[in-house]
Each structure stands twice: as C-alpha cells, then as structure tokens.
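# A look at the structure
Chain by chain, the residues run as shown.
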Number of protein chains: 2
Amino acid sequence: MTTEDNDFSNGTAYVDGQIVPVSEAKISVLDWGFLHSDATYDVVHVWEGNFFRLDDHIDRFFNGMDKFHLSISYGKDEVKSILIDCVRKSKLRDAYVEIICTRGMPKPGSRDPRNCTNRFIAFAIPFVWIACPEKQAEGLSLVISDIQRISPLAVDPTIKNYHWLDLVMALFQAYDQGSETAVVVDGAGNIVEGPGFNFFVVKGNTIVTPDRGMLEGITRKTVIELVSANSHEMQQRPLAAEEARSADEVFITSTAGGIMPVTKIDGKKIGDGLPGPVTMKLRASYWKLHRNEAYRLAIDYGQ
Amino acid sequence: MTTEDNDFSNGTAYVDGQIVPVSEAKISVLDWGFLHSDATYDVVHVWEGNFFRLDDHIDRFFNGMDKFHLSISYGKDEVKSILIDCVRKSKLRDAYVEIICTRGMPKPGSRDPRNCTNRFIAFAIPFVWIACPEKQAEGLSLVISDIQRISPLAVDPTIKNYHWLDLVMALFQAYDQGSETAVVVDGAGNIVEGPGFNFFVVKGNTIVTPDRGMLEGITRKTVIELVSANSHEMQQRPLAAEEARSADEVFITSTAGGIMPVTKIDGKKIGDGLPGPVTMKLRASYWKLHRNEAYRLAIDYGQ
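Note that the structure is a prediction, hence the values are computed from the model and not measured. Residue positions are counted from 1 within each chain, in the order its sequence is given. To read the labels, note that chains go from A and ligands from 1, taken in the order they are written. Note on the predicted model: pLDDT of at least 70 is required for a residue's local features to be given, and 80 or more for side-chain atom pairs to be given and counted; whole-chain, interface and lining totals, by contrast, use all residues. Working from all heavy atoms in the structure, the side-chain values ignore hydrogens and water.

## What to know about the pairing of strand 4 (residues 39-47) of chain B
Residues and elements named next belong to chain B. Applicable threshold: Burial classes: relative accessible area under 20% of the type maximum marks a residue as buried, over 50% as exposed, and values in between as partly exposed (1.4 Å probe, protein chains only). Elements are defined by DSSP. Helices are runs of H or I of four residues or more, strands are runs of E of two residues or more, and each kind is numbered from the N terminus. Pairing between two strands requires that DSSP report at least two bridges joining them.
Strand 4 sits mainly inside the fold: nine of its nine residues count as buried. The alternating pattern of strand 4 places A39, Y41, V43, H45 and W47 on one face and T40, D42, V44 and V46 on the opposite face, and all of these are buried. Pairing analysis gives eight bridges linking strand 4 to strand 6 (residues 95-102), with the strands arranged antiparallel. Among the inter-strand pairings, D42 is bridged to a residue of strand 6, identified as I99. Sheet analysis places strand 4 next to strand 5 (residues 50-52), joined by two bridges and oriented antiparallel. Note on strand 5: the bridge partner recorded for W47 is N50. The turn linking strand 4 back onto strand 5 is made up of two residues, and E48 within it adopts a positive phi angle of 50°.

This is the structure we're talking about:
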C-alpha cells in the first residue's frame, strides 16, 4: 500500500517510527502493555487547530514513565514533534491525541520486565466527547457505584494507567439503572472518579473535588485554577457520596469533553435538574481559555 | 506471504479467524482490551504433546467472559478445536497456550462498551517457566512486598485479568533486593498471590494457601486435590506474612512451571534453605498426573 492509498480521515498513529492510518496501528499480542496492562499513557486534545496544555500532558507522561520504570528514546520535544506530525497528517482540527509507552516484550521464555524494550505509540483521532454537546445541554445522569476504585496502595492512580475494569463494570451498572455513566468510591465510601473523568460538586459558595485515590486530571487542574480566579472557594478533600446527592450542582471534567454538567444522581435530580449556573460559567471560561496563547500550541497544517 | 514462508517455530496465534505465526499476531491499539485492559484470558499448558486439564481452563475462561459481559461466537468445543489446531501447527510438544477475549472497539466517537464486538484471540508459544528446572533445584528467592494486590472490591480476582501493575511493581522491588520474585498482600497484610502464581506454606502436618483476594489457579486446585490424597491437612484461609517466614517449606504454583520451591523470603532461608521434601513430593506427583488419562488431552500432530 502506498501513502497515497492511505486514508487518514479517521485518524493517524505513530507506530514503529512511522505514521500510519489509525486503522493499521497495532501492537503485538505478546507486548506486556497488553498482556499485563503494563503501560502508561496520556491524552491531550486539539481544539480548533491548537493543542491545549500540551506541555502539562507531556510532563505527566514522562513522570509516569519514570515511576513505572519505563523509558523511551525520545525526549519531550521529539514527542511533541511526533504529535504535531500526527495531527497535521490527519488534518483534524479537533482531535483526541493519545501517547502511550508499553513495557514491550521480554526475550522468549523470560518473564523479566527489565529485559523488555519499551515501546512508544501515539495516535490522533477525531475529538471524543464523554457527553456530546447536545447531552451536555440537559446534563448527564450518573450513578454512584459501590465498586471501589483500585486502591493507591495497589496502583498509583496519579500515573495514568489502563486498569479500568472497575470503571467499566461500574458503567454496566449505570446502564442497568438507566444512567449514562458512573463514579466509583474508595474504601471509606468517598467518591473518587469515573471512567476518564474527575468529579466536582458545587454547594453554596464552595466547590469540592476529591483529593486522593484518583488521577489528577489536567482539566481538573484547569478548573481549580479557574475557580481560584472566581469568587468561589475551592476545596480538595475526601468527598462523601451524600454531599454529591445534596449538592446544588455537580459536574465532571475530562480532556474528552471539558466540563460537563451532571443533573441526575442515582435517578434523582440535582437541584432543579438543569445544568447549574456555576458549571456553565466555568464551562464557558474553560473553552475561552483555549484561545489564550499561554495554553495553546498552534498546529501548522501547511495549507 | 504464503503459508510456506511462515515460521511457526516460535509459536502460532489465532487472530481474525486465521492461524498465523505468533510474531504476526497483533491487536488494534484502539481495542479496549489494550486501552482499558478490558479483557479476560486463561492459560493452559501442553506437556509432552498433551493438554493438561484443558476443560478446567476453558470453563474458567467462559465463566470470566460471562462476569465481564463479554461473549464470543465460539462454543467451548470450538475453542478447544482452535487450540488444538494452534498447537498442532506450531509442532510444539511443550507449550504455553493463552486464550483471550477483549472488549473490542466501540463505534467511532462512542465510549459505550455495549457497542463493541468482542474479539477472541489465542496463541501457543514454547512452554514458559516462572523458574526454570535448574532454578527449581535450588529454590526461588522471594520478597513479601508491601504493595497491595488490587482488592476484590475493585476487580474480581477470580476472573483472570491483565491488571498486573501491582505485581510488576512488586517484581521491581524484588530485583532491587536481589530476589527473583515477589508476593503482594491484602489490606490486612496477608499474602495473596504473586505475578502469575499462587502461594503455599508447609508447617508440620499442615499445608496452607490463601483463600481470598487471588486467582483460584488450576495448579492450586491440583495441589489441593493432591494434598487431600496425601497425609497432610489442607487449609485454605488468610495467610499472615509471618507464617510464611517461619514455615518449614514454601512453594508457589502456576501453569507456567507447576509446583516450584521457594527457599528464601526477604533474604532469609526457609528451613534449611533447600527445597523441602513435601514440596518435592508434590511436584513429582504433579508431573506424574500429566500421564493420567483423566487430566490430559492428546494432540494429534499428524506425523
């Protein structure tokens, strides 16, 4: 197949040093990134032709590799160049861009992860929404699952990882109850996070988000910065399920969609059952921030 | 590439309905089996041209799929036929055979696992030893890590899954301490399991193995059955780290190697520091069982 035959419209991937259509991007079934979920990753988005907070994502990715004893032959600037190339070639103006480092394969017969050559993979696909803009207009329906998030005493949740079976099983619980998504809890029953998102509640003049047991999302960080610049008090601390049920407003945050209102928990309305004013104001500020030079990196699409 | 060009000597894989050399067996980077470790699997071994306890492994695999809301278009007999074909084509007399079901890919833009077509993959590679026979002659050196195994309240450990980062990080701790492998603990500090193996201690007339928080291995099951036929008392219950340190003998069990003696824990000798007589007797019985018609399925290699 020649480059001219390739269809990059569904996205591109960087695998084995080459950019290919994402449909052709594959990893060996013997890679421990698959067989032991022994990998770290990060997701950054491109909006209207600009990366958003790319350096923050790349810093977290490199930090995660260090902690998992993973390393790649590229420096941060090289990863940045690869991502720009992937998006440029995809022509996507709004994209979901994932960078991955897997353990790789041990030598035949060996089970020693130190013998593996770690692998770097990246891909850019059309922007993914946890909740599409139409759904955001009415707000999400969410359940508080009794499934516990994998404990930080087992796997460090601040290193972005693919251990999601707790989250996926919670999603199936949500569907069974007629809801769209779920959050899971810690051993004390406090809410920690959902599949790919952080969780926030608004009560009076206070905004609360969990401070432990979950990924420290870049969108979460952005919200914390935005709140500090607003009139609300930001609290990062354990968050009881009951506080969510009795909140004025609830929202979730993710690179896959930004700030998204939750209007029902366990089938019951939050407040008046409509996306709240604090949520919507933060959401507007979040998207406005995408035009701020300090947060964006423009992609030269060459046309 | 024609079939004649293929080199099956390193193993075979069944992917997309075809048997290919394992080096060519790949999955899409977009499969949730990779991106969310949303998969279950099982490993069965072939010894001297016979599968060992194949039905037990296939039963556990199908049970795991049910619990994870996964399904494949093959029945148990079809999976069995595929595995026989994989091993026959590989010509391997001693093989490590893995069967996998992944969630697959959601539709573009969707994050709903119900929209995925689940995928079936299998591969057969040369037999893998957690500890090679030479190493087994002296016994393994193991550390008791302070890392906790992922809790059953997060992910059901009786469904074989790829959430191994706790186990892999424990392996790195073991290497740092000059040992070869590690076990991880539960929230109460009791030993649960290691990377791919169950854990047993012998003290006087009693053999103890953990009863919760870990995979219920088929080799573990075989040992429990063998002990019952012996003069020892078998106890399945929580196992404190201190009981392991003061045991007469310690051994681990896995499809990847059978019954393997541990002679050092945290750098200190167990008993006299040599593989113990109960362990070695059980190991001999285990391998002898491989010639028992009730446990084996002979492969017709066609030559």
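On we go from here.
## Considering helix 3 (residues 76-90) of chain A
Residues and elements named next belong to chain A. Threshold: A helix is expected to reach a length of 1.5 Å times the quantity of its residues less one.
For helix 3, with 15 residues, the first-to-last C-alpha span of 21 Å sits near the 21 Å given by 1.5 Å per residue. Listed as buried for helix 3 are V79, K80, I82, L83, I84, C86, V87 and S90. The positive-phi residue at the C-terminal boundary of helix 3 is K91, with phi of around 65°.

## Thoughts on the domain arrangement of chain A
All names here are of chain A. Using the following cut-off: Residue ranges for the domains trace back to a domain assignment, done automatically or taken from a database. Throughout, a residue-residue contact means that at least one pair of heavy atoms, one from each residue, lies within 4.5 Å. Buried area is calculated as the accessible area (1.4 Å probe) missing from two parts once they are joined, with the contributions of both summed. The salt bridge criterion pairs a side-chain nitrogen of Lys or Arg with a carboxyl oxygen of Asp or Glu, the two atoms within 4 Å. Think of a polar contact as two N or O atoms within 3.5 Å of one another; within protein, one of them needs to be a possible hydrogen donor and the other a possible acceptor, and neighboring residues in sequence only count if both atoms come from side chains. Three classes are used, and their members are as follows: Ala, Val, Leu, Ile, Met, Phe, Trp, Tyr, Cys and Pro are nonpolar, Asp, Glu, Lys and Arg are charged, and the others, Gly among them, are polar.
Assigned domains of chain A: these are domain 1 (3-126) and domain 2 (133-289). Each of domain 1 and domain 2 has a C-alpha centre, and these two points are 27 Å apart. On the side of domain 2, 20 residues touch domain 1, which itself brings 21 residues to the contact. Overall, the association of domain 1 and domain 2 removes approximately 1900 Å² of surface from exposure, summing both partners, and the carbon and sulfur fraction of that is 62%. Of all residues in domain 1, Y41, R53 and R60 bury the most surface against domain 2, accounting for 35% of the area lost on that side. Counting across the domain 1 and domain 2 interface gives three salt bridges. When the shortest N-O distance is used, the salt bridge between K67 and D156 registers 3.9 Å. Linking domain 1 with domain 2 are eight residue pairs in polar contact (both at pLDDT 80 or more). For the side of domain 1 that touches domain 2, the elements supplying multiple residues, two or more each, are strand 4 (39-47), helix 2 (54-67) and strand 6 (95-102). Here the side of domain 1 that touches domain 2 is composed, by residue class, of nine nonpolar, six polar and six charged.

## Things to note about the interface of chain B and chain A
At the junction of the two partners, chain B supplies 54 residues and chain A supplies 55 residues. In total, chain B and chain A occlude about 4800 Å² of area from one another, counting both sides; carbon and sulfur atoms represent 72% of this. Three residues, F34, R111 and L165 of chain B, lead the burial of chain B against chain A; their summed loss comes to 16% of the area buried on that side. Joining chain B to chain A, the criterion identifies zero salt bridges. In this structure, the connection of chain B to chain A is made through 15 residue pairs in polar contact (both at pLDDT 80 or more). Secondary structure elements with two or more residues in the side of chain B that touches chain A: strand 3 (26-28), helix 1 (32-35), strand 6, strand 7 (119-126), strand 8 (140-148) and helix 5 (165-176) of chain B. Residue contributions to the side of chain B that touches chain A peak at seven residues, all from helix 5 of chain B. Per-class residue counts for the side of chain B that touches chain A are 33 nonpolar, eleven polar and ten charged. Where strand 3 (residues 26-28) of chain A meets strand 3 of chain B, three bridges bridge the pair, whose relative direction is antiparallel.

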